[in-house]
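What follows is each chain in one-letter form.
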Amino acid sequence: MKKSVLVLMLLLSLLFVVCAFASEPEKKGEEVLAQNPISPQPKVDTGDTAWLLVSSALVLLMTPGLAFFYGGMVGKKNVLGILMQCFTIMCIISIQWILFGYSLSFAPGKGFFGALDWIGLKGVGLEPYKDYAATIPHQLFTVFQLMFAIITPALIIGAFAERMKFSAFVVFIILWSIFVYDPVCHWVWGIGGWLKEMGALDFAGGTVVHINAGIAALVSAIVIGKRRGDAHKAILPHNLPFTILGTALLWFGWFGFNAGSALSANGLAVNAFVVTNTAAAAAGLMWAVLDWIFNEKPTVLGTATGSVAGLVAITPAAGYVSALSAIVIGFSVSIFCFIAVTVIKPRFGYDDALDVFGVHCIGGIWGAIATGLFASKGINPDGANGLFFGNPKQLYVQVVAVAVTIVYSFIVSFIILKVVDIFMKIRVTDKEETMGLDLTQHHENAYTIIE
Amino acid sequence: MKLIIAIIKPDRLDAVKKELYKADVNLITVNEVLGHGRQMGITEVYRGAKEMGNLLRKIRLEIAVNEDFVEPTIKAIIKGAQTGEVGDGKIFVLDLLDCIRIRTEERGNIAIG
């Protein structure tokens with residue numbers, strides 16, 4: 001009885017959103033534009049610079065946040081393994097990005113990679129580079145993008161949690177960043193990137209970050225194989241409060257991720273901020289309701305998972321859709337991800353330990369497609385209209401960008417994993433897996449029982 | 001000498017301790033343990049994956065007593081732990097071969113009290 005009332009309320013609110021959405025005024029865009037006159041001469045704006053400095057720090061915090069989100073979900077003998085992998089990625093990619101990663105991704109060029117012109121940040125100075133961000137120092141854009149390059153591979157580790165050998169993990173992450181992240185990033189965001197020139201919209205990284213990492217996660221779960229032990233014990237969280245703490249840090253950091261991607265402290269950033277919060281809330285709520293209906297009780301883990309799915313889905317759309325669209329995107333993404341996690345995964349039997357594919361890839365795909373549906377020039381005149389605003393071509397472009405990323409990331413991630421496996425075996429031994437990664441990979445224990 | 005082992009509900013520990021003190025039984029060891037009886041625990045669900053028959057939290061008491069304290073100890077535990085619902089727990093009584101107080105090396109009955 002309680003359930004049906006809840007469902008009815010949810011449906012009614014959805015109906016309200018759709019109605020309100022239909023009568024939404026188109027004019028907002030001019031106001032946004034008026035607040036954000038584009039000056040022809042690149043000049044550093046202190047407000048924009050301050051916001052992007054803060055945003056960069058916010059996005060960095062997402063990676064330790066993700067470590068706790070994941071760390072709480074694994075067994076207590078593997079929690080340090082998760083924290084260590086996230087932390088190591090922060091260290092490795094920070095160096096890689098300065099040395100050549102930024103150049104491969106963002107130096108203008110029409111090829112597979114960008115170019116080698118900006119190796120070691122040569123020529124990347126404190127003056128703005130107007131083709132990327134006209135009002136902040138070029139190095140600030142570099143460091144903002146670095147944080148995205150860090151969190152993307154960190155997302156993958158949830159799939160091979162509790163059984164990946166640390167040394168093989170390090171090699172995999174370096175190769176994956178070079179051969180998957182950097183090229184895809186260039187195609188979608190770099191000057192001369194072919195998906196960018198095709199008109200694909202990806203505001204803050206639905207394709208580059210979430211679909212990309214989500215597919216790599218699926219591939220690694222398949223290549224590395226299932227965890228030992230009972231098949232139905234998919235997740236046995238050792239510390240759900242950690243997971244909630246991690247979710248909170250992710251949600252908080254995501255304001256930098258999405259609102260920071262406006263690359264300016266302006267109306268567009270505010271729009272991204274509002275829709276980000278809205279979608280996370282709607283998706284968290286929806287997952288709780290789905291749990292209530294299908295699993296008898298609303299679960300903490302489900303609600304947190306839903307919020308993350310909502311954040312994922314709104315990422316590509318944040319700069320192009322309205323708050324009411326964000327509610328629709330948030331409600332619907334939880335339905336798709338819930339099906340992926342509770343129906344598709346058990347049916348196919350791959351052991352994506354922490355549902356990186358089910359949440360990030362599915363959520364990312366829906367976000368990219370939803371951008372093609374709900375995008376509106378009324379929100380962002382530099383963007384495009386989606387299907388619901390009379391431009392079906394945008395949906396086609398979005399689907400192409402998604403498909404290219406899926407195919408490319410799947411194939412190359414598979415090759416990298418297989419090659420690394422030939423040289424050093426990606427999986428720990430059965431004995432090491434039973435003892436846990438904390439002890440066997442790091443000679444440490446997260447928790448003392450007897451002092 | 002007997003060793004009394006009791007498995008009780010966690011929230012009954014304070015009441016049991018109070019009853020034991022009333023019966024002049026002051027030496028107990030307490031453990032947090034997991035287990036279940038016929039009620040088979042609670043089903044946990046993580047992202048739709050169900051965990052059947054999970055273990056419930058219980059408290060395990062160990063009390064070594066001389067013969068004349070056996071019945072008062074059992075009565076005290078029952079008085080403190082009984083709610084009449086399923087899951088109140090069990091009391092086991094075992095023969096105890098010896099008891100040594102480490103500080104003084106005393107043995108037997110005198111070492112227990």
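Right above here is the structure, for reference.
The paragraphs below set out a description of the structure included in this document. (Residues numbered from 1 in each chain as written. Chains lettered and ligands numbered in written order. Predicted model: local features only at pLDDT ≥ 70, side-chain atom pairs only at ≥ 80, totals over all residues. Heavy atoms only, no water.)

In this section: the overall build of chain A. Looking only at helices and strands, chain A has 16 helices and 0 strands in total. Residues counted as buried form 59% of the 451 residues belonging to chain A. Long-range pairs, those at least 24 residues apart, make up 77% of the contacts in chain A between residues at least 6 apart in sequence. For chain A, the accessible surface area stands at approximately 18000 Å², while carbon and sulfur atoms represent 71% of it. (Helix = DSSP H or I, 4+ residues; strand = E, 2+ residues; numbered from the N terminus. Buried < 20%, exposed > 50% of the residue type's maximum accessible area, 1.4 Å probe, protein only. Contact = heavy atoms within 4.5 Å. Areas by Shrake-Rupley, 256 points an atom, 1.4 Å probe, with all protein chains shown as cover.)

To continue, consider the interface of chain A and chain B. Each side of the interface is counted separately: chain A has 18 residues, and chain B has 7 residues. With both sides pooled, the region where chain A packs onto chain B buries about 1000 Å², and carbon together with sulfur makes up 57% of that total. In this assembly, chain A and chain B are joined by 1 salt bridge. One salt bridge connects Arg47 of chain B with Asp355 of chain A, and the closest N-O pair in it is separated by 3.0 Å. One can count 3 residue pairs in polar contact (both at pLDDT 80 or more) joining chain A with chain B. (Buried area = accessible area lost by both parts, 1.4 Å probe. Salt bridge = Lys/Arg side-chain N within 4 Å of Asp/Glu carboxyl O. Polar contact = N/O pair within 3.5 Å; in protein donor to acceptor, adjacent residues only side chain to side chain.)

Below, the discussion takes up the packing of aromatic side chains. The description of an aromatic ring pair rests on the distance of the ring centres and on the angle between the ring planes. Under the definition given, this model contains 33 aromatic pairs over all chains. Within the aromatic cluster, the residues linked to one another by ring pairs are Trp97, Tyr102, Phe106, Trp118, Tyr129, Tyr132, Phe141 and Tyr181 of chain A. (Phe/Tyr/Trp six-rings, centres within 6.5 Å; stacked < 30°, edge-to-face > 60°.)

Moving on to helix α2 (residues 70–81) of chain B. Residue and element names in this part refer to chain B. Here α2 contains 12 residues, and its C-alpha end-to-end distance of 17 Å stays within 8% of the 16 Å for a straight helix at 1.5 Å per residue. Among all positions in α2, only Val70, Thr73, Ile74, Ala76, Ile77, Gly80 and Ala81 are buried. Looking down the long axis of α2, one finds its buried residues gathered within 160 degrees of arc, a one-sided arrangement. For α2, exposure combined with an orientation more than 90 degrees from the buried face picks out Lys75 and Lys79. (Expected span 1.5 Å × (residues − 1). Arc of directions from axis to C-beta.)

Residue and element names in this part refer to chain B. Of all 7 residues that make up strand β1 (residues 2–8), 5 are buried, and the element is covered over most of its length. With 7 bridges connecting them, β1 and strand β5 (residues 56–65) associate as antiparallel partners. Paired with Leu3 across the strands is Ala64, a residue of β5. (Pairing = 2+ DSSP bridges.)

Turning next to helix α14 (residues 392–424) of chain A. Spanning 33 residues, α14 of chain A covers 48 Å between terminal C-alpha atoms, matching the ideal 48 Å at 1.5 Å per step. Positive phi shows up at Lys425 of chain A, right after α14 of chain A, with a value of about 60 degrees.

Residue and element names in this part refer to chain A. At a minimum axis distance of 7 Å, the contact between helix α13 (residues 356–374) and α14 shows a crossing angle of 160 degrees. By the angle between their axes, α13 is roughly antiparallel relative to α14. Considering only the axes of α13 and α14, their crossing is right-handed. Here α13 contributes Ile365, Ala368, Ile369, Thr371, Gly372 and Leu373 to the contact with α14, which in turn contributes Gln394, Leu395, Gln398, Val402 and Ile406. A class-by-class count of the residues in the contact of α13 with α14 yields 7 nonpolar, 4 polar and no charged. (Axes fitted to C-alpha atoms, helices over the stretch in contact; angles between N-to-C directions. Parallel < 35°, antiparallel > 145°, perpendicular 65-115°, else oblique. Left-handed = near helix turned anticlockwise from the far one by under 90°. Nonpolar A, V, L, I, M, F, W, Y, C, P; charged D, E, K, R; others polar.)

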